[in-house]
Amino acid sequence: MRPGPALEVDRLLDDPRTRIIVCCGSGGVGKTTTAAALGLRAAERGRHVVVLTVDPARRLAQSMGLSSLDNTPRPVPCAAAEAAGGSLHAMMLDMKRTFDEIVEAHSDPDRAAQILANPFYQSLSSSFAGTQEYMAMEKLGQLRRADEWDLIVVDTPPSRSALDFLDAPQRLGRFLDGRLIRLLTAPTKAGGRAYLKFVTAGFTMVTGVITKVIGAQMLRDVQTFIAAFDTMFGGFRERADDTYRLLQAPGTAFLVIATPEPDALREASYFVDRLSSDQMPLAGLIVNRVHRSPAAHLSAARSLAAAEVLQPVPGSGENPSDLGENGHGNGNGLPVPEAGPPDLRGMPAAAATMSRHPLTATALRLHAERMQLAERERRLEESFSAAHPVIPMAEVLAQPEDVHDLDGLRSVGKELARGVRLS
Amino acid sequence: MWWPGDDSLLRVRPRDTDWEGVRLHVVTGKGGTGKTTVAGALAIALAAGGRRVLLMEVEGRQGIARLFDSPPLPYAERRVAVAPATPTLPGGEVYALAADPEAALVEYLEMFYNLRHAGTALTRLGVVDFATTIAPGLRDVLLTGKAVEATRRRSGGRLYYDAVIMDAPPTGRIGKFLNVATEVSGLAKMGPVRGHADTVQSVIKSPQTAVHFVTVLEEMPVQETLDGVAELRGLAQGGLQLGGIMINMVRPVDLTEEQLQAAAGGTLDEHELDTGLKAAGIEDRRGLAASLAAELTEHAREELAQRAQRTRVAEAGQPCYDLPLITDQMDLAGLYRLAAALREQGAA
């Protein structure tokens, strides 16, 4: 039972060499809130921070006192950050807008207009699986190059799998630079013809089937798009490679976020392995929504036993009322009676009225449940630690209510910084 | 007790359900709300009474295999569970399928153009990936198309499956995913895929299909559910039918209203707690009453926060179903409990 090392969040936030923090993990584990809480804490410790989120939840904007977030960093009013000589900005990725900007920046106005109006481009820029990840990385690169902030905190898109985040940008780059796309559109370009001679038969079959499936119009849209986009193609893969290298560079820290649940920790585990095989700098694991008890010395078993002294429950032990519950499906195919015979039905009610301390009994039962939950969570975390013994970990206790304002984010930040494992 | 009993699937009798006539159940929800689990429970519930249902996933996550503790599912329909027989009803069968767009495209090419070999070759060349990449709507239409095919499949003069349950993409993507004809029409104005998309759309936008939302009583999932419901309502003029809202992981209320308010307000009688602990025979009680009071306070505040979210969920104006929190690791027994809860409330 050796817990992993503690994650020292404040040391990470205070280190001027930390320039980018990437929060990743599966959906619904609190990535966005964690990113915002880290950003706020860093700003209040004197850093100039921008939080880049891909989560369209209005709640995040509202918790930072903004009515909405858009594709431009907006200042978050925060006196504590100012007092510490820091600042906080927040923005939300608009992937289409970001893609449009790349097009506008890299082609003349006529050609840009032509590309932006192309139906295929519109589909690619708004719904290609991978565009969001690519554009998140693109935006991250832009913010880094702008050098107006000394710390960028980014959360990752709610991908199918956390790993998409690393793969999708290159996938888009590969796709746009791909041989197949050139092959398909070769007739529009003189240079393609020589190459085509080798593959004529295959080419005919391929375009034939693609035309069958997506229609000739679609293929023409793609060809027009490729022709207009041609000069930018090489750039896409290069940009994806650049951001990939940026992520590997010192100054970037990955935080894997999870909850103490099997699925979330399994994803976290995949992600940790992947980061290490890609030589990405992993700072640690943050486990959100952890349950602990302030009365941990009273075990679940003792607590339940004590509750039963106060208030015997039907269905526990050799209580005769069990017969009423289980004995009714007597296999004769008759409709099942609504409840057991009256004499047995009376038992639990009598027991309940006998209880003189109903509040204590309830408190003890709830305590037992919580202890059992905490124990399950601890086992899950331990098996994670056993598989990844050197990964620093931090835990954030489950909050009874959602975060609504800077105070809420601040207290999450405080929990994060507590660093020590709570067990 | 909140739930009448864990064995209540046994007490199910044939009767009308809220979704009579629906044969394709699309289940969506925010990540982390237990969408796959609820889809699995719904499949078991719908299978009760000797019926055969297909549970289908479309995101390549193998979530169904994990849920039913089975090896990874291939692109083939496998039986993963049975619905238990009852004194009055025979059992049923749950089949599962992990659909992927490549295999669906090969199947489509074979079915419509007799192009199976070409399809297999194209898969190797990466052309399928290419085609589904340049037309993301194509990917979706292939997946929804597979669900529609299973829904309409006939064998020996009767429908092969009594119901198809789709573990669909999360709430944020569901509108696009289901609005296939529109998404594809922007691309393929007249291609054969357009015709296929129209067929698929006509089933999805028919009373045979309902879209259910899974949520938990927390602010963000509830907000996403309300947004999702509003988005689909926008599409509903075309006939898309909104289904139920499955409220997952509902905790039983253990406190009386009076105790709840006192606990939430932090005005619990700690002396009374301590007297109770003494009566229960606990000797080392230092600080224990205060700690337990703190736990009760948290519990009560959670409960009140959940109540507020429940009011918001009700604003969606769709039937709601409660699914109890399964505190142990989710297994078949847990799934059967959830299935029973769905049946008792008339969702299946």
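Residues numbered from 1 in each chain as written. Chains lettered and ligands numbered in written order. Predicted model: local features only at pLDDT ≥ 70, side-chain atom pairs only at ≥ 80, totals over all residues. Heavy atoms only, no water.

Some details on the overall build of chain A
Part 1: For chain A, the count of helices and strands is 19 helices and 8 strands.
Part 2: For chain A, the residues scored as buried account for 53% of the 423 residues in total.
Part 3: A separation of at least 24 residues holds for 79% of the contacts in chain A among residues at least 6 apart in sequence.
Part 4: As displayed, chain A offers around 18,300 Å² of accessible surface, 55% of which is attributable to carbon and sulfur atoms. (Helix = DSSP H or I, 4+ residues; strand = E, 2+ residues; numbered from the N terminus. Buried < 20%, exposed > 50% of the residue type's maximum accessible area, 1.4 Å probe, protein only. Contact = heavy atoms within 4.5 Å. Areas by Shrake-Rupley, 256 points an atom, 1.4 Å probe, with all protein chains shown as cover.)

Some points on the state of the cysteines
All names here are of chain A.
Part 1: Under the criterion given, the structure shown has 0 disulfides over all chains.
Part 2: Cysteine Cys-23 is unpaired, with the sulfur of Cys-24 as its nearest cysteine sulfur at 7.5 Å.
Part 3: Given the relative accessible area of 0%, Cys-23 is considered buried. (Disulfide = S-S within 2.5 Å.)

Concerning the domain arrangement of chain A
All names here are of chain A.
Part 1: Here the domain parsing of chain A yields domain 1 (9-184 + 232-294 + 381-416) and domain 2 (300-335 + 346-376).
Part 2: In this assembly, 4 residues from domain 1 lie in contact with 5 residues from domain 2.
Part 3: Of the roughly 400 Å² buried between domain 1 and domain 2, counting both surfaces, carbon and sulfur atoms make up 60%.
Part 4: Looking only at domain 1, the three residues that lose the most surface to domain 2 are His-291, Arg-292 and Ser-293, adding up to 91% of its buried area.
Part 5: In this assembly, domain 1 and domain 2 are joined by 0 salt bridges.
Part 6: Seen at the junction of domain 1 and domain 2, the total is 2 residue pairs in polar contact (both at pLDDT 80 or more). (Domains from an automatic or database assignment. Buried area = accessible area lost by both parts, 1.4 Å probe. Salt bridge = Lys/Arg side-chain N within 4 Å of Asp/Glu carboxyl O. Polar contact = N/O pair within 3.5 Å; in protein donor to acceptor, adjacent residues only side chain to side chain.)

Concerning the sheet that holds strand β5 (residues 151-155) of chain A
Residues and elements named next belong to chain A.
Part 1: The strand order across the open sheet built from 8 strands is β3-β4-β2-β5-β1-β6-β7-β8, with neighbouring strands paired in mixed fashion. Every interior strand has two partners, whereas the edge strands, β3 (74-75) and β8 (393-397), have only one.
Part 2: In terms of strand pairing, strand β6 (residues 252-258) meets strand β7 (residues 282-290) through 5 bridges, oriented parallel. Bridge pairing links Phe-254 to Leu-282 in β7.
Part 3: Docked against the sheet, helix α14 (residues 262-277) engages β1 (20-24), β6 and β7, running at close to 160° with respect to β6.
Part 4: On the sheet, helix α18 (residues 358-387) packs against β7 and β8 and is oriented at approximately 170° with respect to β7. (Pairing = 2+ DSSP bridges. Axes fitted to C-alpha atoms, helices over the stretch in contact; angles between N-to-C directions.)

So, the packing of helix α12 (residues 270-279) of chain B against helix α13 (residues 288-315) of chain B
Residues and elements named next belong to chain B.
Part 1: Close contact between α12 and α13 brings their axes to 9 Å; oriented N to C, the two are set at 115°. In this structure, the crossing between α12 and α13 has a hand that is right-handed. Contact residues: Glu-270, Leu-273, Asp-274 and Leu-277 in α12; Leu-288, Ala-289, Ala-290, Leu-292, Ala-293 and Leu-296 in α13.
Part 2: Looking at the contact of α12 with α13 residue by residue, the classes come out as 8 nonpolar, no polar and 2 charged. (Left-handed = near helix turned anticlockwise from the far one by under 90°. Nonpolar A, V, L, I, M, F, W, Y, C, P; charged D, E, K, R; others polar.)

A short note on unusual backbone geometry
In most cases, non-glycine residues show a negative phi, while peptide bonds are predominantly trans.
Part 1: Look at Gln-62 of chain B: it is not a glycine, yet its phi comes out positive at around 55°.
Part 2: Here Gln-62 of chain B is to be found in the loop between β2 (52-57) and α2 (63-67).

Overview of the nonpolar core
Part 1: By size, the foremost hydrophobic cluster in this structure holds 93 residues, and its most contacted members are Ile-21, Met-64, Leu-255 and Leu-285 of chain A.
Part 2: Setting aside anything within four residues of it in sequence, one finds Leu-285 of chain A in contact with Leu-7, Val-256, Ala-258, Leu-265, Ala-268, Phe-384, Ile-391, Pro-392, Met-393 and Ala-394 of chain A. (Core = buried A, V, L, I, M, F, W, Y, C linked by side-chain atoms within 4.5 Å.)

Topic: the pattern of salt bridges
Part 1: Under the counting rule described, the total for this entry stands at 42 salt bridges over all chains.
Part 2: The residue Glu-101 of chain A makes a salt bridge to Arg-97 of chain A at a minimum N-O spacing of 3.7 Å. Of the two residues, Glu-101 of chain A and Arg-97 of chain A are both situated in helix α5 (residues 95-106); the distance of 4 residues between them amounts to about one turn of the helix.
Part 3: Taking the relative accessible area as the measure of exposure, Arg-97 of chain A reaches 33% and is therefore partly exposed.
Part 4: Where Arg-307 of chain B meets Glu-257 of chain B, a salt bridge forms, and the shortest distance between an N and an O atom there is 2.9 Å. Taken as a pair, Arg-307 of chain B in helix α13 and Glu-257 of chain B in helix α11 (residues 257-264) lie far apart in primary sequence, 50 residues in all.
Part 5: On the accessibility criterion, Arg-307 of chain B (31% relative accessible area) is partly exposed.
Part 6: On the basis of relative accessible area, Glu-257 of chain B is assigned to the partly exposed category, the value being 42%.

Some details on the sheet that holds strand β1 (residues 24-29) of chain B
Residues and elements named next belong to chain B.
Part 1: Within the open sheet, the 8 strands sit side by side as β3-β4-β2-β7-β1-β8-β9-β10. Their pairing is mixed. Each edge of the open sheet is held by one strand with a lone partner, namely β3 (78-83) and β10 (320-324). Averaged over neighbouring strand pairs, the angle between their axes works out to 25° when direction is ignored.
Part 2: Inspection of the sheet shows strand β8 (residues 209-215) paired to strand β9 (residues 242-250) by 4 bridges, in the parallel sense.

So, α13 of chain B
Counting along an α-helix, one turn takes 3.6 residues, and residues three or four places apart therefore face a common direction.
Part 1: For α13 of chain B, which comprises 28 residues, the first-to-last C-alpha distance of 41 Å matches the rise-based estimate of 40 Å (1.5 Å per residue) to within 8%.
Part 2: Just downstream of α13 of chain B, Gly-317 of chain B is the residue with a positive phi angle, here 70°. (Expected span 1.5 Å × (residues − 1).)

Structural notes on the confidence of the model for chain A
Residue and element names in this part refer to chain A.
Part 1: Within chain A, residue pLDDT values average 79, and 73% of them lie at 70 or more.
Part 2: This stretch, residues 188-198, has a pLDDT under 50; its non-local contacts, to residues over four places away or in other chains, come to 10 contacts.
Part 3: Under a pLDDT of 50 for its full length, residues 316-353 has, in the predicted model, 36 contacts with residues more than four places off or in other chains. (pLDDT = per-residue confidence, 0-100.)

Points about the pairing of β5 of chain A
Within a regular strand, side chains alternate between the sheet's two faces.
Residues and elements named next belong to chain A.
Part 1: With 5 of its 5 residues buried, β5 lies for the most part within the structure.
Part 2: Neither face of β5 is left uncovered, since the one carrying Leu-151, Val-153 and Asp-155 and the one carrying Ile-152 and Val-154 both have all their residues buried.
Part 3: Sheet topology note: the β1/β5 ladder contains 4 bridges and is parallel. The partner of Ile-20 across the bridge, within β5, is Ile-152.
Part 4: When strand β2 (residues 48-53) meets β5, the two strands line up parallel, connected through 4 bridges. Within β5, the position partnered with Leu-52 by the bridge is Val-154.

Quick notes on the packing of aromatic side chains
Each pair of aromatic rings is reported with the distance of its centres and the angle of its planes.
Residue and element names in this part refer to chain B.
Part 1: Applying the stated criterion across every chain, the model contains 3 aromatic pairs over all chains.
Part 2: When the ring of Tyr-95 is compared with that of Tyr-161, the centres are 6.1 Å apart and the planes differ by 65°; the resulting orientation is edge-to-face. Of this pair, Tyr-95 sits in strand β4 (residues 92-98) while Tyr-161 is found in the loop between β6 (158-159) and β7 (163-167), placing the two residues 66 residues apart along the sequence.
Part 3: In this structure Tyr-95 comes out as buried when scored by relative accessible area, which is 15%.
Part 4: Among the aromatic residues, ring-to-ring pairing joins Tyr-95, Tyr-160 and Tyr-161 into one connected group. (Phe/Tyr/Trp six-rings, centres within 6.5 Å; stacked < 30°, edge-to-face > 60°.)

Remarks on the packing of α5 of chain A against helix α6 (residues 109-117) of chain A
Residues and elements named next belong to chain A.
Part 1: Where α5 meets α6, the closest approach of the two axes is 8 Å, and the angle between their N-to-C directions is 150°. By the angle class used here, α5 and α6 are roughly antiparallel. The hand of the α5/α6 crossing is right-handed. Along its contact with α5, which presents Asp-100, Val-103 and Glu-104, the element α6 presents Ala-112, Ile-115 and Leu-116.
Part 2: Residues of the contact of α5 with α6, tallied by class, amount to 4 nonpolar, no polar and 2 charged. (Parallel < 35°, antiparallel > 145°, perpendicular 65-115°, else oblique.)

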